[in-house]
Amino acid sequence: MFKNSKIYVAGHTGLLGSAISRKLKEHGNSRVIEKAHIELDLTDKRAVFEFFSTERPEYVFLCAGKVGGIVSNKTYPADYLHINIAIQDNVFEAAQKYEVKHLLFYGSSCIYPKFSLQPIKEEYLLNGPLEETSEGYATAKIAGITACKAYNLQYQTNRFIALIPNSMYGPNDNFNIESCHVLSALIYRFHEAKISNTQSVTLWGSGKPRREFIFSEDVAEASLFAMEHVEQLENRHYNVGTGVDYSIEELAASVAETVGYEGKILWDMSKPDGAAQKLLDSSKFLSLGWEPTVNMEEGLKRTYEWYLRQSLVGQTSDN
Ligand SMILES: NC(=O)c1ccc[n+]([C@@H]2O[C@H](COP(=O)([O-])OP(=O)(O)OC[C@H]3O[C@@H](n4cnc5c(N)ncnc54)[C@H](OP(=O)(O)O)[C@@H]3O)[C@@H](O)[C@H]2O)c1
């Protein structure tokens, strides 16, 4: 399937899209369609329909979207809602009209209620209020999951698949300190502290909250697996995680070790902690036969190596 099919990876420059494109090419596919944001703005309905009518992709991995950390989500909630809904709406409608075989959509763990029981099962969706800081983004994602189910039901198809990965990290992650997620922020801060010989790094909160992280290439493999085993999937969303969570304190220590930062790590307890734990119950997806293969130590090492290579490229092109 992956070798000979025409596959559109939307958002191929991003964290997940780049991992999926890489995997497809490793599997021997030479027909991956990649269109940069600047060439095709997926919020532009006319452009999306023109693209689908011309290219006629057989499979779509919808990795394009507006994605960011807490501060960015709090500052631009309307953008997170509107842009993600517009992208989904246009791409889903075009995929239906031009009879894409299967489209894979990605939710996020923030779709689940703020005070969910742990580990979080798929059926906890809409059981309670969302975390306020990511309400716009989460609401768009919930609309996407609902759209997958609704299209499948209305058109009696299994065209649309929804996976819910927990927090991802890996090469091509966003390291912009204004908009990035916690793990890339830690890499950035410890790296900067190491090269500037700063004696201590102060992080927000107590360090006690627990979070689950998954390497982007594991989610890419899970995505290919889902496409290949679509006949085994029910018309529902599936959690995709490692089943292992870490306290932010443990995570910070691992990142500092990977980066080689030997200074002190201090905690600013006046800053909020957020939810105590966010661990997905991925047993439904795991029971289909997929499992993650990259542990945190290996994933951090590969991410930091990529980060260093990028920094070198940046320095060379600045000179
Ligand atoms: N990162 C996570 O921890 C995480 C966790 C769970 C689920 N997810 C979901 O997984 C998917 C991929 O996330 P990611 O972290 O890989 O995102 P990412 O690294 O931010 O990549 C997003 C991609 O979408 C493109 N894009 C943004 N707006 C676009 C538009 N209007 N038209 C065309 N392309 C556009 C971006 O291109 P430009 O950069 O050029 O704008 C980029 O290639 C998203 O649906 C996200 O919600 C992510």
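Everything here concerns the structure above.
Residues numbered from 1 in each chain as written. Predicted model: local features only at pLDDT ≥ 70, side-chain atom pairs only at ≥ 80, totals over all residues.

> What am I meant to see in the sheet that holds strand β3 (residues 59–62) here?
Strand order in the open sheet formed by six strands is β2-β1-β3-β4-β5-β9, and the pairing between neighbours is parallel. Only two strands of the sheet have a single neighbouring strand rather than two, namely β2 (32–33) and β9 (237–240). With two bridges connecting them, strand β1 (residues 7–10) and β2 associate as parallel partners. Looking at β2, one finds that Y8 is bridged to I33. Strands β4 (102–106), β5 (160–165) and β9 of the sheet are contacted by helix α5 (residues 135–154), whose axis makes an angle of about 155° with β5. Contacts from helix α7 (residues 216–228) reach β3, β4, β5 and β9 within the one sheet, and its direction differs from that of β5 by about 155°. (Pairing = 2+ DSSP bridges. Helix = DSSP H or I, 4+ residues; strand = E, 2+ residues; numbered from the N terminus. Contact = placed C-beta atoms within 7 Å. Axes fitted to C-alpha atoms, helices over the stretch in contact; angles between N-to-C directions.)

> Explain the pairing of β1 here, please?
The side chains of a regular strand alternate, first on one face of the sheet and then on the other. Burial along β1 is two-sided: the residues I7 and V9 and Y8 and A10 are all buried. Crossover connection from β1 via helix α1 (residues 15–26) to parallel β2: handedness right-handed. Here four bridges tie β1 to β3, and the two strands are oriented parallel to one another. Bridge pairing links I7 to Y59 in β3. (Buried ≥ 20, exposed ≤ 12 C-beta atoms within 10 Å, placed from the backbone. Right-handed = clockwise from strand over helix to strand, strands pointing away.)

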